Amino acid sequence: MSAVPQNQQRAYVTGQAADARVNVELETDGMTLNIGPQHPATHGTLRIITRLDGEQVISAEPVMGYMHRGYEKLVEVRTYPQVTTLINRIDWLGSFANEVPFILAAEQLMEIEAPPRAQWIRTVLFEMSRIANITLFLGDMGVQLGAITAVFYAFRDREHVLNQIEAATGGRFHPNYDRIGGLKEDLPKGWVAETKSAMDKVRRFCDEMETLLLGNEIFETRARGIGVIPPEIALSYGLSGANLRASGVDWDLRRDSPNPLAWSEVDWKVWTHPDGDSFARYWVRLQETREAAHIVDQLLDGLPSGPIMAKVPRIIKVPAGEAWVSTENPLGEMGYYVVSKGDLGPFRVKIRTPSFNNISIVPWVMKGVYVPDVITILASLYFILGDIDR
Amino acid sequence: MILAVELAYWQLLVIKVLAVMVIVPTATAVIVQTFLFKMMAHMQSRLGPMEAGPHGALQLLADGAKFVQKELLAPERADRRVFFLAPVVVLLSTFLLFVVIPAGPNVVAEDLDIGIFFALAVSSISVLGILMAGWASANKYALMGGLRAAGQLIAYELPLVLAVVGVVIQSGELSLQGIVRAQAEGAIFGVGLIGQPFIFTQFIGFALFLVATQAELTQPPFDMPIAESELVAGYQVEYSGLQFLFFYLGEFGAAFAFSALAATMFLGGWYVPGLDVDGGLISNLVGPAVLFVKTMLVAFLIFWIRFTYPRLREDQLQTFAWKFLIPLALVNILATGVFKVLF
């Protein structure tokens, strides 16, 4: 095993000895702290190996894969309609939004398009899963900073949205509602009015969070200027979603990519923040939740009538070809690269999940921060473990 | 004594020790049940414990029984003697705090001439226990928690003491009983209707005392030593069973004691208008109830903040203590001194 040349070995040993002498005279020794895999701040099984000098982080390295479930492989042994059951478990908080890009990719390959009503309802549920996802972030950030009350309000008001998702789809967490060519079934009676009142509650919750957390001085001192990501760094690490927009990059796939969903039909705004710190990320998500409620309200007002299912063969065979569709999911850009060989199921699916890229910036952004800031930054980057590991 | 029976010194001592031994767990239980279980739950739109007893009133018995049953575990590489001693040290400091708090003209375990000084001194012993726990646990999280606790508690001793100095100057007394008497016999602009609770003149001192208490009790927004989301539970992370319970007794017992101290120094203590300050059976019977109500009011404030605010960072906390609280306390002392001389 002497692959290393001898002179290099000698240089290494002398270097170590020199380091040791310096350490004895000048420095205290560092400490390696394992944050996770079992740690409350990682809300899942993420492990971050941090090298500390006192309370200051010298280096931080995320270790992923503890929750790897092999979805890309599992998808290959399923037929197209079966895939949605699986993939809405990737980002389990906004599960409906996971189904949409895959279905869109399959539809693109089959060259069919869902009728307008189906597209509008898809958009409504997409935005509702965004709300269900981000409201939890808005409360969870409080918990990570020590204010436990916020998360209970988040769970309370998120329930109204989940109830509506359940009423429409039959599944609270895993709707499995999207179909190739349309939707499983139409909305139940009275759903539109109930959803609107749920959106009012979401808006009230946002106001509450604005006064309880965002307006709190301690929250501001803890979050402002912490974990600053400049736009060029954010872009080079492939960040997407609110993390990117909080760095001042005005990029939102709902507006910027051609897609058949109904976002272009309504009036809404992409929120950005120039600062790029944890506070900006919280602020952008808060505004996005409001905006999502606004989008849902407008879509429900103009919901077209008509069928919810296009003409689709009973046994779905997707013609051979390749398709890439990505959408602006609650956590950022989520995309599916589907390769079909004309069978009942996909030949290969590559899933691009936002959290994987969002968490990859951890070593860069955590250099030199304090241990409590590690938690702030992790919370503000906002990842879902299932979304990192798939 | 209240009773017309003369008791020997040792008999009195036994009674006092027993009284403190009973009062501390009871006070802790009341604080935990009222604030930690119920008030916190209702603030967070939950119900809290509801199964054990009416409205969950007996939950603590169940919890206590659970803690007693647990095995006392120590990590393999822990310093076992220090590890097992640490919770006792924390608890000891809490017990000693209760010794000097008066709940009536005669209802006090020991009315020391330097009462408030004694109280603040023994409250610092708990830092030692926490540091011992953090060091002996042989756990990195516990060590960081212990070190944070030491840094924080030392920084906050000073505002705590300085906040009290205003009261001491105004009353001219270090004895807590004397401070209560000074408030009872004082007058606001010559009107002696409700005495003169020092909160009207020492409101800055009261605010400083509450903030410093919050830090002393390691509660949010100053709970960095425990910091569930960062250090998991800081210095408590390796403790189980009775020792864990001891830490909780220490923490919430101290919360009660500090609330009682604040009530005594700023809200008039056990005295309400109509009571005889110098003694008498009625004062001795009603006094404890009055003090309890005032204590719970102060505790409500403390816990309200606890459940609402996020946590500061350690360096921000030090900045806050040294650059804001201590100068403010010094100005307060100066102003009190000037007023004392002028009027």
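Residues numbered from 1 in each chain as written. Chains lettered and ligands numbered in written order. Predicted model: local features only at pLDDT ≥ 70, side-chain atom pairs only at ≥ 80, totals over all residues.

A.B. asks: Would you take a moment to explain the overall build of chain B for this structure?
C.D. replies: The helix and strand inventory of chain B stands at 12 helices and zero strands. If you list the helices and strands of chain B from N to C, you get α-α-α-α-α-α-α-α-α-α-α-α. Its C-alpha atoms give chain B a radius of gyration of 20 Å, within 12% of the compact-globule value 20 Å for 343 residues. For chain B, the spread of C-alpha atoms along the three principal axes comes to 65 × 50 × 45 Å. Put simply, chain B has 343 residues, and 47% of those count as buried. (Helix = DSSP H or I, 4+ residues; strand = E, 2+ residues; numbered from the N terminus. Rg over C-alpha atoms; globule rule 2.2 N^0.38 Å. Buried ≥ 20, exposed ≤ 12 C-beta atoms within 10 Å, placed from the backbone.)

A.B. asks: What is the right way to look at the overall build of chain A in this model?
C.D. replies: Secondary structure summary: chain A contains 16 helices and eight strands in total. For 390 residues, the compact-globule formula gives about 21 Å, and the C-alpha radius of gyration of chain A, at 23 Å, lands near that figure. Considered along the principal axes of its C-alpha atoms, chain A spans approximately 80 × 55 × 35 Å. In chain A, which comprises 390 residues, the share counted as buried stands at 49%. Long-range contacts, defined here as pairs at least 24 residues apart, represent 71% of the contacts in chain A between residues at least 6 apart. (Contact = placed C-beta atoms within 7 Å.)

A.B. asks: Help me out: how do you make sense of the sheet that holds strand 6 (residues 321–329) of chain A in this one?
C.D. replies: Pairing between the strands of a sheet comes from backbone hydrogen bonds, and it takes one of two forms, parallel or antiparallel. Residues and elements named next belong to chain A. With antiparallel pairing, the three strands of this open sheet are ordered in space as 6-7-8. Strands with a single pairing partner mark the edges of an open sheet, and in this sheet they are strand 6 and strand 8 (348–352). Adjacent strand axes in the sheet meet at a mean angle of 10° when their direction is disregarded. Where strand 7 (residues 332–340) and strand 8 come together, five bridges link them in antiparallel fashion. Of the residues in strand 8, the one forming a bridge with Gly335 is Arg352. Along the sheet face, helix 4 (residues 95–110) touches strand 6 and strand 7 and points at about 150° away from the line of strand 6. (Pairing = 2+ DSSP bridges. Axes fitted to C-alpha atoms, helices over the stretch in contact; angles between N-to-C directions.)

A.B. asks: What's the story with the interface of chain A and chain B in this structure? I'm lost.
C.D. replies: Accessible area lost during the coming together of the parts is what is often quoted as the interface size. The partner chain B presents 22 residues to the 26 residues of chain A that form the contact. Sorting the residues of the side of chain A that touches chain B by element identifies strand 1 (31–35), helix 5 (116–144), helix 6 (149–169), helix 8 (217–223) and helix 15 (371–381) of chain A as the ones contributing at least two each. In the side of chain A that touches chain B, the residues fall into 16 nonpolar, seven polar and three charged. (Nonpolar A, V, L, I, M, F, W, Y, C, P; charged D, E, K, R; others polar.)

A.B. asks: Looking at this structure, I do not really get unusual backbone geometry. What am I missing?
C.D. replies: Among all residues except glycine, the phi angle is most often negative; among peptide bonds, the trans geometry is most common. All names here are of chain B. One non-glycine residue with positive phi stands out, namely Ser45, at about 50°. A residue is classified by how many C-beta atoms lie within 10 Å of it, and Ser45, with 12 of them, is exposed. Positive phi, normally seen in glycine, also occurs at Thr218, with a value near 50°. When you line up the elements, Thr218 lands in the loop between helix 8 (203–216) and helix 9 (228–231).

A.B. asks: Which parts of the structure should I look at to understand the pairing of strand 3 (residues 56–63) of chain A?
C.D. replies: When strand 2 (residues 47–53) of chain A meets strand 3 of chain A, the two strands line up antiparallel, connected through seven bridges. Paired with Leu52 of chain A across the two strands is Val57 of chain A, which belongs to strand 3 of chain A.

A.B. asks: Where do I start with the sheet that holds strand 1 of chain A in this structure?
C.D. replies: All names here are of chain A. Read across the open sheet, the three strands follow the order 1-2-3; overall the sheet is antiparallel. Whereas interior strands pair on both sides, the edge strands pair on one side only; in this sheet they are strand 1 and strand 3. On average, each strand axis in the sheet is inclined to that of its neighbour by 20°, with strand direction left out of account. Strand contacts of helix 15: strand 1, strand 2 and strand 3, with the helix running at about 40° to strand 3, the strand carrying the most contacts.

A.B. asks: Would you mind showing me how to read helix 11 (residues 281–308) of chain B here?
C.D. replies: What sets the pattern is the α-helix's 3.6 residues per turn: residues three or four places apart point alike. All names here are of chain B. With 28 residues, helix 11 should cover 40 Å at 1.5 Å per step; its first-to-last C-alpha distance of 42 Å lies within 8% of that length. A bend of about 30° at Gly287 is the largest found in helix 11, and the proline Pro288 appears one to four places after it. Looking only at helix 11, the buried set comprises Ser283, Gly287, Val290, Leu291, Lys294, Thr295, Val298, Ala299, Ile302, Phe303 and Arg306. Along its buried surface, helix 11 packs onto helix 1 (9–43), helix 8 and helix 10 (241–266). (Expected span 1.5 Å × (residues − 1). Bend = angle between axes of the 7 residues up to and from the residue.)

A.B. asks: Would you explain the environment of Leu385 of chain A in this entry?
C.D. replies: Residue and element names in this part refer to chain A. Note on placement: Leu385 falls in helix 16 (residues 385–389). Accessibility expressed as a C-beta count within 10 Å gives 19 for Leu385, which makes it partly exposed. Between the C-alpha atom of Leu385 and that of Leu46, which follows or precedes it by 339 residues, the distance is 7.1 Å. In this view, Leu385 contacts Gly44, Thr45, Leu46 and Met67; residues no more than four positions away in its chain are not counted.

A.B. asks: Would you mind going over the confidence of the model for chain B with me for this structure?
C.D. replies: The predicted coordinates of low-pLDDT regions are not to be read in fine detail. Overall, the predicted model of chain B reaches an average pLDDT of 83, with 96% of residues at or above 70. Listed scores for the predicted complex are pTM 0.82 and ipTM 0.77. (pLDDT = per-residue confidence, 0-100.)

A.B. asks: Looking at this structure, how should I read the environment of Pro81 of chain A?
C.D. replies: With respect to the helices, strands and loops of the structure, Pro81 of chain A is situated in helix 3 (residues 80–87). Excluding anything up to four places from it in sequence, Pro81 of chain A contacts Arg179, Ile180 and Ile316 of chain A.

A.B. asks: Could you clarify how one ought to interpret helix 12 (residues 314–342) of chain B in this entry?
C.D. replies: All names here are of chain B. Under the 1.5 Å per step criterion, the end-to-end length of helix 12 is 41 Å for 29 residues, consistent within 8% with the ideal 42 Å. Of all the bends found along helix 12, the most pronounced is centred on Ala321 and spans about 30°. Residues Glu314, Leu317, Phe320, Ala321, Leu325, Ala329, Asn332 and Thr336 constitute the buried set of helix 12. Those residues of helix 12 that are buried lie in contact with helix 6 (140–171) and helix 8.

A.B. asks: Please explain the packing of helix 5 of chain A against helix 15 of chain A as it appears in this structure.
C.D. replies: The geometry of a pair of packed helices is captured by two quantities: the angle between their axes and the separation between those axes. Residue and element names in this part refer to chain A. It is at 9 Å that the axes of helix 5 and helix 15 come closest, and there the two elements cross at 175°. Here helix 15 runs roughly antiparallel to helix 5, going by the angle between their axes. Across from Asp140, Met141 and Gln144 in helix 5, the residues of helix 15 making contact are Ile375, Thr376, Ala379 and Ser380. For the contact of helix 5 with helix 15, the class distribution of residues is three nonpolar, three polar and one charged. (Parallel < 35°, antiparallel > 145°, perpendicular 65-115°, else oblique.)

A.B. asks: Even after reading the chapter, I still don't get the packing of helix 7 (residues 191–214) of chain A against helix 12 (residues 278–301) of chain A, so can you show me in this structure?
C.D. replies: Residues and elements named next belong to chain A. Where helix 7 contacts helix 12, the axes come no closer than 10 Å and their chain directions differ by 165°. Of the possible angle classes, the one that applies to helix 7 and helix 12 is roughly antiparallel. When you trace helix 7 past helix 12, the crossing you get is left-handed. Within the contact between the two elements, helix 7 uses Val192, Thr195, Lys196, Met199, Val202, Arg203, Cys206, Met209, Glu210 and Leu214 and helix 12 uses Tyr282, Trp283, Leu286, Thr289, Arg290, Ala293, Val296, Asp297 and Leu300. (Left-handed = near helix turned anticlockwise from the far one by under 90°.)

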